[in-house]
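Observations on the three-dimensional arrangement
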Amino acid sequence: MVKAAVMTGIDQPLEIRDDVEVEAPRAGEVQVRMGASGVCHSDLSMQNGTMMAPVPIVLGHEGAGVVERVGEGVTGLAPGDHVVISWVPQCGECFFCLRGEAELCERSMTALASGGLLDGSTRLTSRGRPLYQMTAAGTFSEVSIVPAIGAVKIPDDIDLRVAALIGCGVLTGVGAALNTARIREGATVAVVGCGGVGLNVIQGARIAGAGEIIALDTNETKLRLAKEFGATASIDATQRDPVSQVMAMTAQRGADVAFEVIGLQQTIDQTIAMTRRGGQAILVGVPRMDAVVNVPAFFGVVLAEKTIKGCWYGSSNVRRDVPRLIEHYRAGDLKLDELISRTIGIEQVNEAFEAMKTGELARTVIHY
Ligand code: APR
Ligand code: ZN
Ligand code: ZN
């Protein structure tokens, strides 16, 4: 039996249970002893009902650990291997994977919709009931079973806390800059929301060679962090209209590329408005299901020749991008240790949610 944090209902504190039973991995699955899991805003979004979740569910999707057992037919992974959990398992064979859009893998979408693994069922049980697993993962558990196509082997010497962050915030944020937007050298970039994901958009923009990186947040600590991660200017979004402040900094044109990395209706509207004619607005944050993209078709899109682009998992191909990110980290281009504001035990996960609401911390990481 292992310990896990279980969501039992909307707005209920996660229950820390130590009676969770783990079934053996089935064909194509691996058992992972979790080394660390980041607490990402999407976990909070499930707990507070912004995103739908079946209950009871083990949350957590930003994790890394060590393979303990492999199911039938698993090749390329063996007990002892260190892995980053990819919350989008990527099969390499479906329509999307074959077209270089692995972040949209059909098999991952089936799992996501079911709340279980690839076949919709789940390997964790507690008190006589199956526990769903967030994004075919459930990294808020000492041990989890995940699809082998959702586990990416990494070198043993990478700190698992750092590796965990690669699994969501870093792949998503850096990927948004490098893959989704393909930022050009010298570009003027605006990043709305400088949390665990937004800070990674900023460092991705820096790596892409952006000329100016304007960070926007309502929290002063975050704006300071944004500068450390590569922002060249910052805007306190609580003061005056953020859109007109970006306009003032860009000769009234707007940014070449603007990213929304929070998931709020208001900031989605602002991000689209602060994008220049011919530019790209990239929507990264996961909003409430009733949020809409509200733009006048002629003035806002046709005449403005503006691209409004969604970003799912940083448009990442995890087998290509995880090794690349590790190279950037080793070369000193990618700040990952600096993202970790606090390390906690799994018992303190509800405190991490509270801290996230204040917006003071970059990332809290659960260390098992
Ligand atoms: N204007 C500007 N910044 C804001 C505003 C606002 N109106 N409201 C909140 N913020 C800032 C917060 O201060 C915080 O720094 O947005 C940031 C959000 O960061 P986190 O809570 O750390 O969220 P993060 O984990 O980065 O996730 C961001 O991406 O993956 C998705 O579901 C995730 O939608 C979420 C988004
Ligand atoms: Zn996440
Ligand atoms: Zn696929």
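Residues numbered from 1 in each chain as written. Chains lettered and ligands numbered in written order. Predicted model: local features only at pLDDT ≥ 70, side-chain atom pairs only at ≥ 80, totals over all residues. Heavy atoms only, no water.

**Things to note about the sheet that holds strand S8 (residues 129-133)**
Heads up, the condition is: What makes two strands pair is DSSP finding at least two bridges between them. Under the scheme used here, helices are H or I runs from DSSP no shorter than 4 residues and strands are E runs no shorter than 2 residues, and both carry numbers assigned from the N terminus.
Here five strands make up a closed barrel; going around it, the order is S1-S2-S7-S8-S4 and the pairing mixed. Here two bridges tie strand S4 (residues 57-58) to S8, and the two strands are oriented parallel to one another. Along S8, the bridge assignment pairs Val-58 with Gln-133.

**A few points about the coordination of the zinc ion (ligand 3)**
Definition in use: Metal donors were taken as nitrogen, oxygen and sulfur atoms no farther than 2.8 Å from the ion, or 3.2 Å where the ion is Na, K or Ca. Water is excluded, so coordination may look unfinished. Labels for metal geometry use angle windows, namely 85 to 135 degrees for all angles of a four-donor tetrahedral site, and for square planar (four donors) or octahedral (six donors) sites opposite donors over 155 degrees apart plus all others within 65 to 115; sites meeting none of these are irregular. Type-normalised accessible area, obtained with a 1.4 Å probe on protein chains alone, sets the label of each residue: buried when under 20%, exposed when over 50%, and partly exposed for intermediate values.
Those donors, Cys-91 (SG), Cys-94 (SG), Cys-97 (SG) and Cys-105 (SG), are the protein atoms that reach the zinc ion (ligand 3), and they lie 2.3 to 2.4 Å from it. Each of the four donor atoms around the zinc ion (ligand 3) contributes to a set of angles spanning 104 to 116°, which defines the coordination as tetrahedral. Each donor residue of the zinc ion (ligand 3) lies on one chain, and together they are spaced C-x2-C-x2-C-x7-C. Residue Cys-91 is found in the loop between strand S6 (82-85) and helix H2 (95-98), and its partner Cys-105 is found in the loop between H2 and helix H3 (106-114); the two are separated by 14 residues along the sequence. Taking the relative accessible area as the measure of exposure, Cys-91 reaches 14% and is therefore buried. Looking at Cys-105, the relative accessible area reads 0%, which means it is buried.

**Things to note about the environment of Gly-278**
Basically, it comes down to this: Whether two residues touch is decided by their heavy atoms; if any such pair falls within 4.5 Å, the residues are in contact.
Among the structural elements, Gly-278 can be located in strand S15 (residues 275-283). A relative accessible area of 37% places Gly-278 in the partly exposed class. A C-alpha to C-alpha distance of 4.7 Å links Gly-278 and Glu-305, two positions 27 residues apart in sequence. In this structure, Gly-278 is in contact with Ala-304, Glu-305 and Lys-306, ignoring residues within four places of it in sequence.

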